[in-house]
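Here is how the chains run, residue by residue.
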Amino acid sequence: MSFTQEEEIDLSPESTAKAGVILSSLDWIYNWSQSNSVWPLQFGLACCAIEMIGTAGSRHDIARFGAEVFRPSPRQSDLMLVSGTVTKKMAPQVVRIYNQMPEPKYVIAMGACAISGGPFKQGYNVLKGIDRYIPVDVYLPGCPPRPEALLHALMTLQKKIKNQKTLGKNITNPAYKEGRRIYPVPVLSGDDLDPPYNPEVWTPPAKNPNVEDGCE
Amino acid sequence: MSTETMPARGFNLSKDDLGADILEIAMGPHHPSTHGVFRMDLKLDGETVVDLKPIFGYLHRNHEKLAEDIPYPGSMPFTDRLDYLCGMTNNWAYALSLEKMLEVEVPERAQYIRIICAELTRLVNHCLLIGFFINDLGALGTPLLYALREREKILDLFETLSGARMMVNYMRFGGVRCDLPDGWLEECKRIVDKFPAFLDEYETLLNENEIVITRSQNVGVLTAEEATNFSITGPMLRASGVNYDLRKVDKYGIYDRFDFKVPLGAHGDCYDRFMIRMLEMRESIKILNQAMKDLPDGDIIGKVPRVFKPAAGTEVYGRIESPKGELGFYLVADGSTNPYRFKVRPPSFINLTALRHMCIGHKVADAVIILGSIDIVLGEVDR
């Protein structure tokens, strides 16, 4: 069977839609479905975890964004909500759980403590930001952030997922290039973590030459 | 294995029946039922707990050390983060300690506002605890959603009052930070009036529930003598039948003006601990109704010095009945604006010491609900 010029199939959106065919890029449909079914890890660290539970509660209802399936196992989750203070004793556990999550995986640093140490930054036992060991996608400030803020962070993450390129030459999400990302787990030796940060994901900010003894 | 040596019930198999060894498992710090970053190292014979070692420190945030480097009022926001479910009572305990040290008078109206806030906090804490406890029993979700629904209403009150939902930072030495906004009391009355209806619903669902009764009665029994020896306080002590409530014993604030009862348990098991909280919420509503009726007009903060400089060598221990038990702050002054020593006596930490004693001989699944019935918050346990 051969097609002549007159019998060529009409591929205009109007006629394909009539025939029940939707044309879309694979990226678009993949990102759309992924961003609307983010499964967070049921993983609470401190005060922010209570607000995380509050967000899953009836009033704020995270299910509206397709993220209500809190999984206790890292093997089944896409999103790690680092909800609260990460202490030096807990940081190895957090990195290990991150390593156990399958790709694609995302991280929201929830609350001032997870971002930078927050009010406890001066403490001897508090990690000054989880982004020293694992890459963070969305930073969510607040102490603790309101449930609305967490929903906004989730929407920001959804926007990020919708814009990612998973095919072709310009892949934006490293998960689709390198396979599963596994970062070295720090060891608590003495009174500090070894190494103090992971140079792959974080470098210390440049010192301000105008300040003689700038703080860390 | 012949039928004669088979134990009567399959799940009572011991290691001797199977020729197996003691199984050691680490539960936590990431475990959905450990109420935060708590770790239990369990030794199991089959499914029975033969030994338990609690390991904590995963949330040690140096509260006590940080407080030594900042002036007295600066520690007030940090107390919110100790037991992050009950910011108001933590504030009150710290304010009470320093007021005792400096002998500051608290005005009448501030005392009433403090009591209203503290009892609202008790409602939040207890209904959330019951939600988590039933969650641990296996009823995933629904009872907790009921509790969260009620919690949101009370958090709205806190938000209009202080600007924050959880970290209220509301009490001040000698009073409270700001007066009640217009219409706050009416809204509070409306919520408190509706609360018993929620409790009725909750009690109908849970109190005589077959599963709740079978799972929690005679589990994790703590006798009155053991409870006193472990220096347990709060609802857990009263569930064992010891009549000790600081609101009645110390009569701090103006608790002696209110008519309320102290519910007592008889068996000291998980079911009693669960029921005590249900009954305490009813008593809290009684106190709230009386306090809202008698709320006087007047100042909200007393005469306080501009700078807090207690004399060197002064020591003080102030304590209140927080929803979890006796919360105390021990302060030592060295004559400067900062405390020389800032010690917290956290109720959940001390209550947790009885965990091993209560768990041994029970199944792993029971260890989870025993932990749930203690009502711990890791921010307070590790400090």
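Residues numbered from 1 in each chain as written. Chains lettered and ligands numbered in written order. Predicted model: local features only at pLDDT ≥ 70, side-chain atom pairs only at ≥ 80, totals over all residues. Heavy atoms only, no water.

## As for the overall build of chain B
For clarity, the cut-off: Under the DSSP-based scheme used, a helix requires at least four consecutive residues in state H or I and a strand at least two consecutive residues in state E, with every element numbered from the N terminus. In this treatment the radius of gyration is a C-alpha quantity, and the globule benchmark scales as 2.2 Å times the residue count to the 0.38 power. Using a 1.4 Å probe on the protein chains alone, a residue whose accessible area is under 20% of its type maximum counts as buried, one over 50% counts as exposed, and one in between counts as partly exposed. Only heavy atoms matter for contacts: two residues are in contact if any of them lie within 4.5 Å across the pair. Counted charges follow a simple rule, with Lys and Arg positive, Asp and Glu negative, and His plus the chain ends left uncounted. A single reference atom marks each charge: NZ on Lys, CZ on Arg, CG on Asp, CD on Glu.
Tallying secondary structure elements over chain B gives 16 helices and eight strands in all. Computed over C-alpha atoms, the radius of gyration of chain B comes to 22 Å, within 12% of the 21 Å expected from 2.2 N^0.38 for 383 residues, which places it in the range of a compact globule. Taken along its principal axes, the extent of the C-alpha atoms in chain B is 80 × 45 × 35 Å. In chain B, buried positions account for 58% of the 383 residues. Summarising the internal contacts of chain B: among those between residues at least 6 apart in sequence, 71% fall at separations of at least 24. Mean positive and mean negative side-chain charge positions of chain B (44 and 55 charges, respectively) differ by 4 Å.

## Describing helix 5 (residues 108–137) of chain B
Residue and element names in this part refer to chain B. This is how it is decided: A helix is expected to span 1.5 Å multiplied by its residue count minus one.
Under the 1.5 Å per step criterion, the end-to-end length of helix 5 is 44 Å for 30 residues, consistent within 8% with the ideal 44 Å. For helix 5, the tally of buried residues reaches 29 of 30 residues, placing the bulk of the element in the interior. In the segment just after helix 5, glycine 138 is the residue with positive phi, at about 120 degrees.

## Some details on helix 4 (residues 87–102) of chain B
If you check helix 4 of chain B, its first and last C-alpha atoms are 23 Å apart, about what 16 residues at 1.5 Å a residue would give, namely 22 Å. Of all 16 residues in helix 4 of chain B, 14 are buried, a share of seventy percent or more.

## What to know about the sheet that holds strand 1 (residues 23–27) of chain B
Residue and element names in this part refer to chain B. Keep this limit in mind: Any two strands with at least two DSSP-identified bridges between them are counted as paired. Helix axes are fitted only over the stretch in contact, all axes being lines through C-alpha atoms; the angle between N-to-C directions runs from 0 to 180 degrees.
With respect to topology, three strands assemble into an open sheet ordered 1-2-3, the strand pairing being antiparallel. The strands lining the two open edges of the sheet, one partner per strand, are strand 1 and strand 3 (48–55). On average, each strand axis in the sheet is inclined to that of its neighbour by 20 degrees, with strand direction left out of account. One ladder, built from five bridges, connects strand 1 with strand 2 (residues 39–45); its direction is antiparallel. Bridge pairing in strand 2 places alanine 26 opposite aspartate 41.

## A look at the interface of chain B and chain A
Short version of the rule: Note: buried area is the sum, over both parts, of the accessible area (probe 1.4 Å) each one loses when the two are combined. Any carboxyl oxygen of Asp or Glu within 4 Å of a side-chain nitrogen of Lys or Arg constitutes a salt bridge here. Polar contact is the term for a pair of N or O atoms within 3.5 Å; when the atoms are in protein, one must be able to donate a hydrogen and the other to accept it, and sequence-neighboring residues count only if both atoms are side-chain atoms. Residues are grouped as follows: Ala, Val, Leu, Ile, Met, Phe, Trp, Tyr, Cys and Pro are nonpolar; Asp, Glu, Lys and Arg are charged; all remaining types, including Gly, are polar.
Tallying the contact residues gives 33 residues for chain B and 35 residues for chain A. In total, chain B and chain A occlude about 2900 Å² of area from one another, counting both sides; carbon and sulfur atoms represent 64% of this. Of all residues in chain B, His30, Tyr58 and Arg61 of chain B bury the most surface against chain A, accounting for 21% of the area lost on that side. Between the two partners, chain B and chain A, sit five salt bridges. The interface formed by chain B and chain A contains 11 residue pairs in polar contact (both at pLDDT 80 or more). Going through the elements one at a time, helix 2 (63–68) and helix 6 (142–162) of chain B are the ones with two or more residues in the side of chain B that touches chain A. In terms of residue count, the dominant contributor to the side of chain B that touches chain A is helix 6 of chain B (nine residues). Here the side of chain B that touches chain A is composed, by residue class, of 17 nonpolar, six polar and 10 charged.

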